Amino acid sequence: MVLGSPLSTVAAPLLSFFISFVSILWLIKKKADWVLDHPNSRSLHSVPVSRIGGVGLFFGIITTWLCFSVVMPVTIWVGIGLLVAISFIDDVWHAPVWCRLLIQSIVAAGFAMALLLEPYGWMMVLCNAVAVVWMANLYNFMDGSDGLAGGMTVIGFGYYGLIAYLAGNNDFAVLNFSIAAAAGAFLLHNFYPARIFLGDVGAIPLGFLAAALGILGWMDNLWSLWVPVLIFSPFIADSTVTLIKRLLRGKKIWQAHREHYYQRLVQSGFGHRNTALSAYALMLTVGASAVWAGRQDPAVQSWIAMLWGGFYFLLMFISDWNQKYYSNRG
């Protein structure tokens, strides 16, 4: 099918949604004991749930891209393949941390070097490689509450596709809309109460794509470099601040925990459903402001970024104060 055709912006997402929905439904019905996520002291769920929903999601995405002959840098194709493979191994057999980070670093460095070394130099390569690795992992960190990562994927990549579509870049729009549609199919199975989880096999490659396609869009002059950062800022802010706080307390950042702000919100009695719906509202609002600000002059863009930074700081300050207050009372 012709990718550049206007119909592809509708046909491709529909195909991606259908294939992903059916594939994930099949995985749910399989109920394989060897891929179940059993509850533990750090979990927010109470019953065993399959953790390889990302397999069905990416089956829909990749199949659609192949059917519509999507063109992407080879480093992205290879990167997705390697990340899906090592993440699947981790979901099933628990791969060592060093092994996962090594593969992620190789993928990130290869992507950054191929696209950025010649025009921008080594410093740009290093900064972007670190950003890609961090984005891949923070996506995984934020995949801990029903519907949260699935909704971020629908909204985040949906905004990527919208900006590309408005700019007349149908090819890039189709690429992103296909991801958003597959995530929408996953979300129907993952919204509270979740019947399947994304798992590392879904979260890690999605985080990689969020960073890689954000950089590609910037290189194609679709947006300023800060626009993808702002679109995914609800995840970036929570994960980055939580990581820094854990580092300052001398804790191992790679160990599972329940200290993210979204996890604390769920545990406070707000619940999975309300946490997800509140996150969707935040994601839609911040994404819309990024789309609008992307068409304004740099001064306006800076103000928008600072306002959102202040807003996140205020939310986290209130959350920390509230936790400390009730902790002292207890």
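What this report covers is the structure whose coordinates are included nearby. (Residues numbered from 1 in each chain as written. Predicted model: local features only at pLDDT ≥ 70, side-chain atom pairs only at ≥ 80, totals over all residues. Heavy atoms only, no water.)

**Observations concerning the overall build of the protein chain**
Tallying secondary structure elements over the protein chain gives twelve helices and two strands in all. If you list the helices and strands of the protein chain from N to C, you get α-β-β-α-α-α-α-α-α-α-α-α-α-α. A compact globule built from 330 residues would reach a C-alpha radius of gyration of about 20 Å, and the protein chain, at 19 Å, matches this within 12%. Within the protein chain, contacts between residues separated by at least 24 positions form 74% of all contacts whose residues are at least 6 apart in sequence. Put simply, the protein chain shows about 15,600 Å² of open surface, and 69% of that area lies on carbon and sulfur atoms. Charged side chains in the protein chain number 18 positive and 14 negative. The centres of these two groups are separated by 12 Å. (Helix = DSSP H or I, 4+ residues; strand = E, 2+ residues; numbered from the N terminus. Rg over C-alpha atoms; globule rule 2.2 N^0.38 Å. Contact = heavy atoms within 4.5 Å. Areas by Shrake-Rupley, 256 points an atom, 1.4 Å probe, with all protein chains shown as cover. Lys, Arg positive; Asp, Glu negative; His and termini not counted. Charge placed at Lys NZ, Arg CZ, Asp CG, Glu CD.)

**A short note on the side chain of serine 16**
Tracing the chain through its elements places serine 16 in helix H1 (residues 8-30). Its relative accessible area of 0% is what places serine 16 among the buried residues. In terms of polar contacts, serine 16 uses its side chain to reach the backbone carbonyl oxygen of serine 178, at 2.7 Å. In this structure, serine 16 is in contact with Gly60, Ile61, Thr64, Ser178, Ala181 and Ala182, ignoring residues within four places of it in sequence. (Buried < 20%, exposed > 50% of the residue type's maximum accessible area, 1.4 Å probe, protein only. Polar contact = N/O pair within 3.5 Å; in protein donor to acceptor, adjacent residues only side chain to side chain.)

**What to know about the layout of surface pockets**
Taken as a whole, the second largest pocket spans an internal volume of roughly 770 Å³. Around the second largest pocket, the lining comprises 25 residues; the ones closest to its centre are Tyr261, Tyr262, Arg264, Leu265 and Ser319. Counting only elements with at least two residues in the lining of the second largest pocket, the list comes to helix H10 (233-248), helix H11 (261-293) and helix H12 (298-329). Tallying contributions element by element places H11 first for the lining of the second largest pocket, with eleven residues. (1 Å grid on protein atoms, 1.4 Å probe; cavity = no way out; pocket = protein on both sides within 12 Å on 5 of 7 lines; lining within 4 Å. Points joined across faces, edges and corners; volume = space filled by probe spheres on them.)

**Re unusual backbone geometry**
Cis geometry is adopted by the peptide bond preceding proline 193, which originates at tyrosine 192 and carries an omega value of -5 degrees. By the secondary structure assignment, proline 193 is in the loop between helix H7 (170-190) and helix H8 (200-219). At asparagine 221, a position not held by glycine, the phi torsion is positive, near 60 degrees. Along the chain, the position of asparagine 221 falls in the loop between H8 and helix H9 (226-231).

**Considerations on the pattern of salt bridges**
Scanning the entire structure with this criterion turns up six salt bridges. The salt bridge partner of aspartate 90 is arginine 100, with a shortest N-O separation of 3.5 Å. Separated by ten residues along the polypeptide, aspartate 90 in helix H3 (residues 74-93) and arginine 100 in helix H4 (residues 97-120) bring together distant segments of the chain. You can call arginine 100 partly exposed: its relative accessible area is 22%. In this structure, arginine 264 and aspartate 320 form a salt bridge, with 2.9 Å as the shortest nitrogen-oxygen distance. Residue arginine 264 is located in helix H11, and its partner aspartate 320 is located in helix H12; the two are separated by 56 residues in the primary sequence. (Salt bridge = Lys/Arg side-chain N within 4 Å of Asp/Glu carboxyl O.)

**Section: the packing of aromatic side chains**
For the structure shown, the criterion picks out 17 aromatic pairs. For the ring pair phenylalanine 157 and phenylalanine 232, a centre distance of 5.7 Å and an interplane angle of 70 degrees mean the geometry is edge-to-face. With phenylalanine 157 in helix H6 (residues 148-166) and phenylalanine 232 in the loop between H9 and H10, this residue pair connects regions lying 75 residues apart in the sequence. Accessibility expressed as a relative area gives 0% for phenylalanine 157, which makes it buried. A relative accessible area of 1% means that phenylalanine 232 is categorised as buried. Where phenylalanine 313 meets phenylalanine 317, the ring centres are 6.5 Å apart and the plane angle is 20 degrees; that geometry is what we call stacked. A residue pair is termed a helical-turn pair when its members lie 3 or 4 positions apart in one helix, as phenylalanine 313 and phenylalanine 317 do in helix H12 at four residues. Exposure remark for phenylalanine 313: the relative accessible area of 62% places this residue in the exposed category. (Phe/Tyr/Trp six-rings, centres within 6.5 Å; stacked < 30°, edge-to-face > 60°.)

**Focus: empty space enclosed by the protein**
A complete count under the given rule lists one cavity of 30 Å³ or more for this structure. Quantified by volume, the largest cavity comes out at close to 50 Å³. In terms of lining residues, the largest cavity is bounded by Phe141, Ser239, Thr242, Leu243, Arg246, Ile253, His257 and His260. With four residues, the single largest contributor to the lining of the largest cavity is H10. Per-class residue counts for the lining of the largest cavity are three nonpolar, four polar and one charged. (Nonpolar A, V, L, I, M, F, W, Y, C, P; charged D, E, K, R; others polar.)

**With respect to the packing of H6 against H11**
Two elements in contact, H6 and H11, have axes whose closest approach is 10 Å; the angle formed by their N-to-C orientations is 0 degrees. Of the possible angle classes, the one that applies to H6 and H11 is roughly parallel. Between H6 and H11, the residues in contact are Leu148, Gly151, Met152, Ile155, Tyr159 and Ile163 and Tyr262, Ala279, Tyr280, Met283, Leu284, Gly287, Ala288 and Val291, respectively. In terms of residue class, the contact of H6 with H11 is built from twelve nonpolar, two polar and no charged. (Axes fitted to C-alpha atoms, helices over the stretch in contact; angles between N-to-C directions. Parallel < 35°, antiparallel > 145°, perpendicular 65-115°, else oblique.)

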